Amino acid sequence: NFGITHVGVIQDAVTIHFTNENATAVNATLYDVMGRKVHQHNFNANIGQNTLQMDVHYFPKGIYFIALDNGREVITQKILK
């Protein structure tokens, strides 16, 4: 199962907790409300619970979307900064 379990924004950091059924590369892409890619981070996820933290201090306040892609599925979550 691949899914976001929690997204938290504390000041200038976004923390994403998600589950992954395989140890695999995951691409995390942050989009602004207009759909423009503003940040991308590639990393290796473990089986089970994973945590990703992104520094967003240089982005203005607003609505963003985080998309996680494990090569088989893409999940998207709205983020308010």
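Refer to the structure presented above.
Residues numbered from 1 in each chain as written. Predicted model: local features only at pLDDT ≥ 70, side-chain atom pairs only at ≥ 80, totals over all residues. Heavy atoms only, no water.

1. Description of the nonpolar core
Right, so step 1: By size, the foremost hydrophobic cluster in this structure holds 18 residues, and its most contacted members are Ile16, Phe18, Leu30, Phe43, Leu52, Ile66 and Leu68.
Right, so step 2: Residue assignment for this core shows that the elements contributing at least two residues are strand S2 (13–20), strand S3 (24–32), strand S4 (37–45), strand S5 (48–55), strand S6 (63–69) and strand S7 (74–80).
Right, so step 3: For Ile66, the residues in contact, after removing those within four places along its chain, are Ile16, Ala28, Thr29, Leu30, Met54, Ile75, Thr76, Gln77 and Ile79. (Core = buried A, V, L, I, M, F, W, Y, C linked by side-chain atoms within 4.5 Å. Buried < 20%, exposed > 50% of the residue type's maximum accessible area, 1.4 Å probe, protein only. Helix = DSSP H or I, 4+ residues; strand = E, 2+ residues; numbered from the N terminus. Contact = heavy atoms within 4.5 Å.)

2. Details of the sheet that holds S3
Right, so step 1: Pairing within the open sheet is antiparallel, and its 4 strands lie in the order S4-S3-S6-S7. The open sheet terminates on both sides in strands that have one partner only, identified here as S4 and S7. Direction aside, neighbouring strands of the sheet carry axes that sit 20 degrees apart on average.
Right, so step 2: Two strands pair when backbone bridges link them, and S6 and S7 are joined in this way by 7 bridges, in the antiparallel orientation. (Pairing = 2+ DSSP bridges. Axes fitted to C-alpha atoms, helices over the stretch in contact; angles between N-to-C directions.)

3. Focus on the side chain of Asn50
Right, so step 1: The residue Asn50 is located in strand S5 in this model.
Right, so step 2: Note on Asn50: relative accessible area 7%, which makes it buried.
Right, so step 3: One polar contact links the side chain of Asn50 to the main-chain carbonyl oxygen of Gly48, over a distance of 2.9 Å.
Right, so step 4: Among all residues touching Asn50, those that are not within four sequence positions of it are Ile16, His17, Phe18, Asn20 and Ala45. (Polar contact = N/O pair within 3.5 Å; in protein donor to acceptor, adjacent residues only side chain to side chain.)

4. Details of the packing of aromatic side chains
Right, so step 1: Counted by the stated rule, this structure contains 4 aromatic pairs.
Right, so step 2: Each ring, one from Phe18 and one from Phe43, has its centre 6.0 Å from the other, and the planes form 70 degrees; the classification is edge-to-face. Of the two residues, Phe18 is situated in strand S2 and Phe43 in strand S4; the sequence distance between them amounts to 25 residues.
Right, so step 3: By relative accessible area, which is 0% here, Phe18 ends up buried.
Right, so step 4: By way of ring pairs, the aromatic residues Phe2, Phe18 and Phe43 are connected into one cluster. (Phe/Tyr/Trp six-rings, centres within 6.5 Å; stacked < 30°, edge-to-face > 60°.)

Geometric descriptors of this kind do not, in isolation, establish any biological role.
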